[in-house]
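# Close look at the chain arrangement
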Number of protein chains: 2
Amino acid sequence: MAQVQRMSRLMIKTLRDDPADAETLNHKLLVRAGYVRRTAAGIWSWLPLGKKVLENVTRVVREEMDAIGGQEVLLPALLPKEAYEASGRYDEYGDLLFRLQDRKGADYLLGPTHEEIFTQVVKDMCSSYKDLPVILYQIQTKYRDEARPRAGVLRGREFQMKDSYSFDTTDEGLAEAYQLHRAAYIRIFERLGLDHRVVSAVSGAMGGSASEEFLAPAPAGEDTFVDCPNCDYAANTEAVTYKVTAVADAAGAVEELDTPDTPTIESLAAHLGVPASATLKNLLIKVDGEIVAVGVPGDREVDMGKLGEHLAPAVVELVTAEDFVERPDLVRGYVGPQGLEKVRYIADPRVAAGTAWITGANKEGKHAKNVVAGRDFEVDDYLDVVVVEAGDPCPNCGTGLQVDRAIEIGHIFQLGRKYADIFSLDVLGQQGKPVRVTMGSYGIGVSRAVAALAEQTADDKGLCWPREIAPADVHVVAAGKALQTELALDVSEKLNAAGLRVLVDDRAGVSPGVKFTDSELIGVPKILVAGRRSAEGVLELKDRRTGEREELTVDEAIARLTDRG
Amino acid sequence: MAQVQRMSRLMIKTLRDDPADAETLNHKLLVRAGYVRRTAAGIWSWLPLGKKVLENVTRVVREEMDAIGGQEVLLPALLPKEAYEASGRYDEYGDLLFRLQDRKGADYLLGPTHEEIFTQVVKDMCSSYKDLPVILYQIQTKYRDEARPRAGVLRGREFQMKDSYSFDTTDEGLAEAYQLHRAAYIRIFERLGLDHRVVSAVSGAMGGSASEEFLAPAPAGEDTFVDCPNCDYAANTEAVTYKVTAVADAAGAVEELDTPDTPTIESLAAHLGVPASATLKNLLIKVDGEIVAVGVPGDREVDMGKLGEHLAPAVVELVTAEDFVERPDLVRGYVGPQGLEKVRYIADPRVAAGTAWITGANKEGKHAKNVVAGRDFEVDDYLDVVVVEAGDPCPNCGTGLQVDRAIEIGHIFQLGRKYADIFSLDVLGQQGKPVRVTMGSYGIGVSRAVAALAEQTADDKGLCWPREIAPADVHVVAAGKALQTELALDVSEKLNAAGLRVLVDDRAGVSPGVKFTDSELIGVPKILVAGRRSAEGVLELKDRRTGEREELTVDEAIARLTDRG
């Protein structure tokens, strides 16, 4: 059984002030409470209390991965480049990859993720459909040379990750492995006490269930996502779809307007005295060299990333001044879909059939009003391409969406046969013929989960861990006098004997005030103080989160704390 | 609780033949039994069974480190070069260090051991004598770019290691931390079931207790060590000392011998018809540029490594032909200590005062006999510099020593203030003045311990693990028929419910013979077979090591296996 952890012997140093370079809550508090220290940019040392928290998260992840039949392995972090050259990722990763050579000049990399190596292992170990399915996982140090490591252990260059990979012979098998992971991840984040959302990582057009992200809402997060305050809809902002609602009656005939010097939406709206939302903005782009127009309401921005994903693998570029020279039919600043010939027209679903717009008249200084979609112009493809904004309607229930920041703590992905194709991973099928294997890839940021938990649970006094993750179940504080220390150590041993993990502040020469402040900063969920009434054998039990206090005898305190119900 | 591990779902592939490149037992068997696979030279993947064994060793190490008050941390493996430049090891390590640059061109290394970084952490965290002593440890991936990675996981370039570091203000504190580690290491290796010896790593002249190695005798080992078949003496060959025994009566007067063309010991001994051991060989070396003579019996070799360690930090080189040109008093091939002036004379303890020798007469073609140490020449320093040989007398009891091969599985070292001096690691002492900290460094090769265990415990059938380390407590084998599989799965669940770790071979379409061979190769200590008498509910329990078998009912088998006494 673990021993009582005495702070007089623990390597810990708490700081009153935030580190100068810390911007996020987890960074400030994990450093101030002595959980971690920075060794280099984005490279962290986990000190005794931090290591305990990291280990607690690891244990939960391991138990739930084992529960879905995951088999734990440990692959190297130092990897020969050949496999990553085969997949193309040796170059694709660019500067994100740490590369090195050994003494013989052979090229290696530090693994950012292990799809290639797992594919090779399974190719070596499995030869028949009878050997599948398998789910393999590891909890391991990963490396990514981030351009801007930030937010403490939230975005490090060396970090702990659980990565797993499923191998199946059928699409149904892959879907099942994916659902097993999805359920396991939800259990993991629930046990960790992490508020989280499962969101589609790509738009419905690419297959809704192919990839989902697990997000932990937190202001320090680098991701934005939308969620509905009314129903359970949540999505990555890039995956939000717009549901067309009822369209008003058709407007009158198209009418040309004289609008000199109004090449921008702002100048046009001001000139006409209409809201920007009444105008139709037409962005010209080149898709694999061909000019394409994209129409969105004048008050919305095109999300180029989203557009690129929709049109991938085609190359999307903005048009240049030179492109206009070659196309006199395209009047810069005054383009409208109604006169465009030989130009593919993509539009946001908001530009639904029957909607009427003020848009360019394809003549210098002229616009047109009452231009109706489906009547005056045709849309070749409807794609969700606008930047999502707070208040956009929920595609499920129509309620105005919220846009929030979050930390990506997990990602599950149906890879399919991409890597099996690269490495020719086949097994002998039931019919005696080779079957290509299909694969899923699933990750949880273990060190990142610690940061996310710190962000979500901390308050203005310091860290405030859920019990399963906390470095101890109870923090016993000896106010200072010999009698109090004696009582604190005695009750600590008794709590330890009852199966609790105990941290006891038995430091000599440290004032009670400093000890109380430290106990709140460190964030163990229950604080038991041997103070004023120690001579009577009475202690004060404080709930770290609520601040509720009650006075208890030793036996009462033990009974209260061991009641895990 | 862990689940029953079904081989039908386990990723395992056993091989009948040894891998072509495998020379050592652990390499052959760990690969054949599906515990590990090679990813690159000296870089290994731990597969499900291998990971379990690795984890079991890790658990034992962690428990015993915690028991001596060690605090677990996790420092990075990717380290900035500055700290290692400060210590000089960035260059000293030479090609053994993996070096790399990040995207900004800053220099990093992959940590081979962490003295520098721990010193910096303690400097940051501890400021008073009250903060010490501390023992910090981590179980972590280490990197060394070995020129010849070999023997499977025994000598890898990426490997798992437990390294710990003690910090004290006094020499007595360091000695105590050292003894705590020594005792913990003995408990660890005993629990692992590793036959081991604790040997002095450096000669007594440097302080006997400053450094000891833990060796696991095994033919695959790269270290040689001596041990006494009579008493408990054991030592690294470089640390063996020679105890001078009684010396015979003095010989007659020095007598010159005509010995033309005898510049070597062999030619001299043949010419005179005496054993080489009757002659005194004088090796000339340069120590920091100064010529020094080293005398050893003619039948022994000088261990240059040992000599270098004795004389460190002086630079030791062999003399060249040019050196003789400048010193006509040194007659090449005919040097004797009796006529040497202004030359420091170092001798092996075997050249004890009173011993008589045939040696060079310092004249071309001449030797001298009856040259007596202490009478005809003086020895400036006695140093143990000869290569130890089997049969050399035990320094304790005089019995002829054995020379054996072993694997270094642990090393404990009183570093003293070397790193504290480099990084100015002081704490405020009891007297209010800064006190320089003293430090110990202690390592256990965790992945290497797995290899050593495999080497020591395997037999001609395969691996044969001690129970605490085995991937399961019992390997249940279903001979093949449906009834047998049913019984095997049933008893497996019952054993699991009784707290045992169970591996069950429930594979369909695999012959009983293959299953039995696999179970012996895999090496779980107890094998329970559901075979011929399954219909009666009778199983056969086999001891993997002894081969003893007995027939038992299900209840008897459970009772037998759960009796851990």
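Bear in mind that the values here come from a model prediction, so they are computed numbers and not experimental data.

What follows covers the domain arrangement of chain A. Domain assignment breaks chain A into domain 1 (5-11 + 472-562), domain 2 (35-75 + 112-239 + 403-454) and domain 3 (255-382). Here domain 2 of chain A and domain 3 of chain A have C-alpha centroids that lie 40 Å from each other.

Further remarks concern the environment of B:Asp17. Locating B:Asp17 in the fold gives a position in the loop between β1 (5-6) and α1 (25-32). C-alpha separation for the pair B:Asp17 and B:Ile558, spaced 541 residues apart in sequence, amounts to 35 Å.

Residue and element names in this part refer to chain B. Going through the model one piece at a time under the given rule, you end up with 108 salt bridges over all chains. Residue Arg501 pairs with Asp473 through a salt bridge whose shortest N-O separation is 2.9 Å. Placement of the pair is Arg501 in the loop between α12 (482-497) and β27 (502-505) and Asp473 in the loop between α11 (446-457) and β26 (474-478), with a sequence separation of 28 residues. According to the relative accessible area criterion, Asp473 is buried, its value standing at 3%. The residue Arg560 makes a salt bridge to Glu550 at a minimum N-O spacing of 2.4 Å.

At the interface, 59 residues of chain B touch 60 residues of chain A. Summing both sides of the interface, chain B and chain A together bury roughly 5,000 Å²; the carbon and sulfur share of this comes to 58%. When the buried area of chain B at its contact with chain A is split by residue, B:Met11, B:Arg103 and B:Met125 rank highest and sum to 16% of it. Applying the counting criterion to the chain B and chain A interface returns 10 salt bridges. A:Arg157 is paired through a salt bridge with B:Asp102; the nearest N and O atoms lie 3.0 Å apart. Run the count over chain B and chain A and you get 20 residue pairs in polar contact (both at pLDDT 80 or more). Ranked by residue count, the leading element in the side of chain B that touches chain A is helix α2 (residues 48-67) of chain B, at seven residues. Partitioning the side of chain B that touches chain A into residue classes produces 33 nonpolar, seven polar and 19 charged.

Reading predicted coordinates in detail is not appropriate for stretches of low pLDDT. Averaged over all residues, the pLDDT of chain A is 90; the fraction at 70 or higher stands at 97%. Confidence over residues 203-208 of chain A falls short of pLDDT 50; this stretch has five contacts with residues more than four positions distant or in other chains.

Parameters and conventions
- Residues numbered from 1 in each chain as written.
- Chains lettered and ligands numbered in written order.
- Predicted model: local features only at pLDDT ≥ 70, side-chain atom pairs only at ≥ 80, totals over all residues.
- Heavy atoms only, no water.
- Domains from an automatic or database assignment.
- Helix = DSSP H or I, 4+ residues; strand = E, 2+ residues; numbered from the N terminus.
- Salt bridge = Lys/Arg side-chain N within 4 Å of Asp/Glu carboxyl O.
- Buried < 20%, exposed > 50% of the residue type's maximum accessible area, 1.4 Å probe, protein only.
- Contact = heavy atoms within 4.5 Å.
- Buried area = accessible area lost by both parts, 1.4 Å probe.
- Polar contact = N/O pair within 3.5 Å; in protein donor to acceptor, adjacent residues only side chain to side chain.
- Nonpolar A, V, L, I, M, F, W, Y, C, P; charged D, E, K, R; others polar.
- pLDDT = per-residue confidence, 0-100.

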